[in-house]
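Chain by chain, the residues run as shown.
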Amino acid sequence: MIAVEGMTCRNCVALISDELMTLPTVSAISVNLDTGAVEVSADAALDIEDLHQAIRQAGYIPNPTA
Ligand SMILES: [Cu+2]
(Lines give C-alpha, C1' and ligand atoms only; values in the text may rest on other atoms or scores of the structure.)
Protein backbone atom coordinates (compact mmCIF):
# COMPACT_ATOMS: atom_id res chain seq x y z
CA MET A 1 0.00 0.00 0.00
CA ILE A 2 1.22 3.48 -0.88
CA ALA A 3 -0.23 6.73 0.38
CA VAL A 4 -0.53 9.34 -2.34
CA GLU A 5 -1.16 13.01 -1.74
CA GLY A 6 -3.05 15.32 -4.05
CA MET A 7 -5.67 13.01 -5.53
CA THR A 8 -9.01 14.76 -5.66
CA CYS A 9 -11.17 13.11 -8.28
CA ARG A 10 -11.69 10.19 -10.66
CA ASN A 11 -9.33 11.83 -13.14
CA CYS A 12 -6.50 11.69 -10.64
CA VAL A 13 -7.21 8.01 -10.07
CA ALA A 14 -7.16 7.32 -13.80
CA LEU A 15 -3.90 9.25 -14.28
CA ILE A 16 -2.13 7.40 -11.51
CA SER A 17 -3.51 4.03 -12.57
CA ASP A 18 -2.40 4.55 -16.18
CA GLU A 19 1.08 5.59 -15.10
CA LEU A 20 1.53 2.68 -12.67
CA MET A 21 0.23 0.16 -15.20
CA THR A 22 3.07 1.13 -17.55
CA LEU A 23 5.42 -0.63 -15.12
CA PRO A 24 5.89 -4.20 -16.42
CA THR A 25 5.96 -5.66 -12.90
CA VAL A 26 2.56 -4.20 -11.97
CA SER A 27 -0.47 -6.37 -12.69
CA ALA A 28 -3.28 -4.48 -10.96
CA ILE A 29 -4.02 -1.20 -9.23
CA SER A 30 -6.70 -0.29 -6.76
CA VAL A 31 -7.09 3.31 -5.61
CA ASN A 32 -9.12 4.51 -2.66
CA LEU A 33 -9.86 8.13 -3.41
CA ASP A 34 -11.20 8.84 0.09
CA THR A 35 -8.07 7.74 1.92
CA GLY A 36 -5.48 8.36 -0.81
CA ALA A 37 -4.38 4.75 -0.51
CA VAL A 38 -3.07 3.00 -3.60
CA GLU A 39 -3.03 -0.79 -3.54
CA VAL A 40 -0.58 -2.31 -5.99
CA SER A 41 -0.49 -5.91 -7.16
CA ALA A 42 2.94 -6.67 -8.56
CA ASP A 43 5.52 -9.40 -8.79
CA ALA A 44 8.48 -9.53 -6.44
CA ALA A 45 10.79 -7.74 -8.85
CA LEU A 46 8.96 -4.47 -8.33
CA ASP A 47 11.18 -1.67 -7.09
CA ILE A 48 9.30 0.65 -4.75
CA GLU A 49 11.31 3.56 -6.14
CA ASP A 50 9.87 2.85 -9.58
CA LEU A 51 6.40 3.11 -8.09
CA HIS A 52 7.18 6.42 -6.44
CA GLN A 53 8.72 7.65 -9.67
CA ALA A 54 5.61 6.73 -11.64
CA ILE A 55 3.39 8.53 -9.15
CA ARG A 56 5.51 11.67 -9.40
CA GLN A 57 5.42 11.28 -13.18
CA ALA A 58 1.63 11.44 -12.99
CA GLY A 59 1.93 14.67 -11.01
CA TYR A 60 1.23 13.42 -7.48
CA ILE A 61 3.23 12.97 -4.32
CA PRO A 62 3.92 9.54 -2.83
CA ASN A 63 4.09 9.60 0.96
CA PRO A 64 6.61 6.93 2.01
CA THR A 65 6.00 7.51 5.72
CA ALA A 66 2.29 6.64 5.61
CU1 LIG B 1 -8.44 14.93 -10.17
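All of these numbers come straight from a predicted model, not from anything done at the bench. (Residues numbered from 1 in each chain as written. Predicted model: local features only at pLDDT ≥ 70, side-chain atom pairs only at ≥ 80, totals over all residues.)

(A) Summary view of the sheet that holds strand S4 (residues 61-63). Taken together, four strands build an open sheet; the order of strands is S2-S3-S1-S4 and the sheet is antiparallel. If you trace the sheet from one side to the other, it starts and ends with strand S2 (26-32) and S4, each paired once. Each neighbouring strand pair of the sheet contributes to a mean axis angle of 35 degrees, computed without reference to strand direction. By the bridge criterion, six bridges tie S2 to strand S3 (residues 37-42) in an arrangement that is antiparallel. (Pairing = 2+ DSSP bridges. Helix = DSSP H or I, 4+ residues; strand = E, 2+ residues; numbered from the N terminus. Axes fitted to C-alpha atoms, helices over the stretch in contact; angles between N-to-C directions.)

(B) Representation of helix H1 (residues 10-21). With twelve residues, H1 extends 16 Å between its outermost C-alpha atoms, agreeing within 8% with the 16 Å of an ideal straight helix rising 1.5 Å per residue. By the burial criterion, the buried members of H1 are Ile16, Glu19 and Leu20. Viewed along the axis of H1, the buried residues span an arc of 95 degrees, placing them on a single side of the element. Structural note: H1 exposes Arg10, Asn11, Ala14 and Asp18 on the side pointing more than 90 degrees away from its buried face. (Expected span 1.5 Å × (residues − 1). Buried ≥ 20, exposed ≤ 12 C-beta atoms within 10 Å, placed from the backbone. Arc of directions from axis to C-beta.)

By themselves, these figures tell us nothing about what the structure is for.
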